[in-house]
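As a plain string of letters, each chain reads:
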Amino acid sequence: MTNLDKLIRYFEDFPGIGARQARRFAFHILTLPPQDTSELAHLIAHLKQHVRQCEHCQRFFAYEHGTSAQCRICSDPNRDHSKLMIVAKDTDITPIERAGAYDGLYFVLGGTLPLLSDQTNTLRTGALRKSIDRQLQTDLQEIILAFPVNPDGENTARFVLSLIDEHYAKQQLRITQLGRGLSTGSELEYADPETIKSALKNRT
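Residues numbered from 1 in each chain as written. Predicted model: local features only at pLDDT ≥ 70, side-chain atom pairs only at ≥ 80, totals over all residues. Heavy atoms only, no water.

Considerations on helix α7 (residues 193-201)
Here is step 1 of the chain: The set of residues buried in α7 consists of Thr195, Ile196, Ala199 and Leu200. Mapping the buried residues of α7 onto a view down its axis gives an arc of 130 degrees, with all of them on the same face. More than 90 degrees from the buried face of α7, the exposed residues found are Glu194 and Lys201.
Here is step 2 of the chain: Close packing links the buried residues of α7 with β3 (80-87) and α4 (93-99). (Buried < 20%, exposed > 50% of the residue type's maximum accessible area, 1.4 Å probe, protein only. Helix = DSSP H or I, 4+ residues; strand = E, 2+ residues; numbered from the N terminus. Arc of directions from axis to C-beta. Contact = heavy atoms within 4.5 Å.)

Some remarks on unusual backbone geometry
Here is step 1 of the chain: In the Ramachandran plot, glutamine 58 falls in the positive-phi region, its phi being about 75 degrees despite a non-glycine side chain.
Here is step 2 of the chain: As for its position among the elements, glutamine 58 is in the loop between β1 (51-53) and β2 (60-62).
Here is step 3 of the chain: When its relative accessible area of 14% is taken as the criterion, glutamine 58 is described as buried.
Here is step 4 of the chain: The residue glutamine 172 is not glycine, and still its phi comes out positive at about 55 degrees.

Focus: the environment of aspartate 5
Here is step 1 of the chain: Relative to the assigned elements, aspartate 5 resides in helix α1 (residues 3-12).
Here is step 2 of the chain: A relative accessible area of 34% places aspartate 5 in the partly exposed class.
Here is step 3 of the chain: For the pair aspartate 5 and alanine 26, spaced 21 residues apart in sequence, the C-alpha to C-alpha distance is 8.8 Å.
Here is step 4 of the chain: Here threonine 2 takes part through its side chain, which lies 3.0 Å from a polar atom of the side chain of aspartate 5. (Polar contact = N/O pair within 3.5 Å; in protein donor to acceptor, adjacent residues only side chain to side chain.)

Describing the nonpolar core
Here is step 1 of the chain: Met85, Ile86 and Val160 are the most contacted members of the largest nonpolar core, which has 44 residues in total.
Here is step 2 of the chain: Dropping the residues within four chain positions of it, isoleucine 86 is found in contact with Phe107, Leu109, Leu128, Ile143, Ile144, Leu145, Ala146, Phe147 and Val160.
Here is step 3 of the chain: Residues Ile8, Phe11, Ile17 and Ala22 belong to the second largest nonpolar core, which totals six residues. (Core = buried A, V, L, I, M, F, W, Y, C linked by side-chain atoms within 4.5 Å.)

Remarks on the side chain of glutamine 135
Here is step 1 of the chain: Position of glutamine 135 among the secondary structure elements: in helix α5 (residues 125-136).
Here is step 2 of the chain: Apart from residues lying up to four places away in sequence, glutamine 135 is in contact with His81, Lys83, Leu84, Leu105 and Leu140.

As for the pairing of strand β6 (residues 174-177)
Here is step 1 of the chain: Bridge analysis of strand β5 (residues 142-146) against β6 gives four bridges, and the strand direction is parallel. Directly across from isoleucine 144, in β6, lies its bridge partner threonine 176.
Here is step 2 of the chain: In this region the chain leaves β5, passes through helix α6 (residues 151-168) and returns to the parallel neighbour β6; the handedness of that crossover is right-handed. (Pairing = 2+ DSSP bridges. Right-handed = clockwise from strand over helix to strand, strands pointing away.)

Thoughts on the packing of α5 against α6
Here is step 1 of the chain: Where α5 meets α6, the axes come as close as 12 Å, and the angle between the chain directions of the two elements is 50 degrees. When the interaxial angle is binned, α5 and α6 end up oblique. The crossing of α5 and α6 is right-handed. Packed against α5, whose contacting residues are Thr125, Leu128, Arg129, Ile132, Asp133 and Leu136, the element α6 presents Phe159, Val160, Leu163, Ile164, His167 and Tyr168 at the interface. (Axes fitted to C-alpha atoms, helices over the stretch in contact; angles between N-to-C directions. Parallel < 35°, antiparallel > 145°, perpendicular 65-115°, else oblique. Left-handed = near helix turned anticlockwise from the far one by under 90°.)

Thoughts on α6
Here is step 1 of the chain: Here α6 contains 18 residues, and its C-alpha end-to-end distance of 25 Å stays within 8% of the 26 Å for a straight helix at 1.5 Å per residue.
Here is step 2 of the chain: Gly153, Asn155, Thr156, Ala157, Phe159, Val160, Leu163, Ile164 and Tyr168 are the residues of α6 that are buried.
Here is step 3 of the chain: Along its buried surface, α6 packs onto β3, α5, β5 and β6.
Here is step 4 of the chain: Structurally, the start of α6 carries an N-cap: the backbone nitrogen of aspartate 152 is 3.2 Å from a side-chain oxygen of asparagine 150. (Expected span 1.5 Å × (residues − 1).)

Below is the structure:
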């Protein structure tokens, strides 16, 4: 297998990227000036040195050595600690923040649970419990499940609900899910601000 074929294979493994788009990416890189390809290679090789996973919400954020182990959202004293929104992946947070309709905290579960699978080891369930325990000390009242509106997202919501019920049944937490506004099959990552606002307003 040539280096070009290997590069195309890597691009094909990216979320939402098919074979045709992967080839377009690879051949586009071939058209770049040498200094651009060198900079791109350097950025990829050193990316993890300048990115940290937040100890509270588990999302990745850019940081400098010596700075807080918490991301900007978790370290903001003005956020509402009575609300915790659980999302599947980091990129789900961006459209919610852009909509400006939510001021609580987040937790990134690390993916969804496929409908026909019971393999939960890829999900951050232990870290989720720690996050809930931590927020219970600062008046946590509501947990919002914000997963994709598809079978895997619904299966993940059921799993998280069972986890919360098993460990926090006595806490009288309000458990809600995003409501009307998100159509079936929707991914939060691609939702527009008005759709997000509607879904939050109508959560049940």
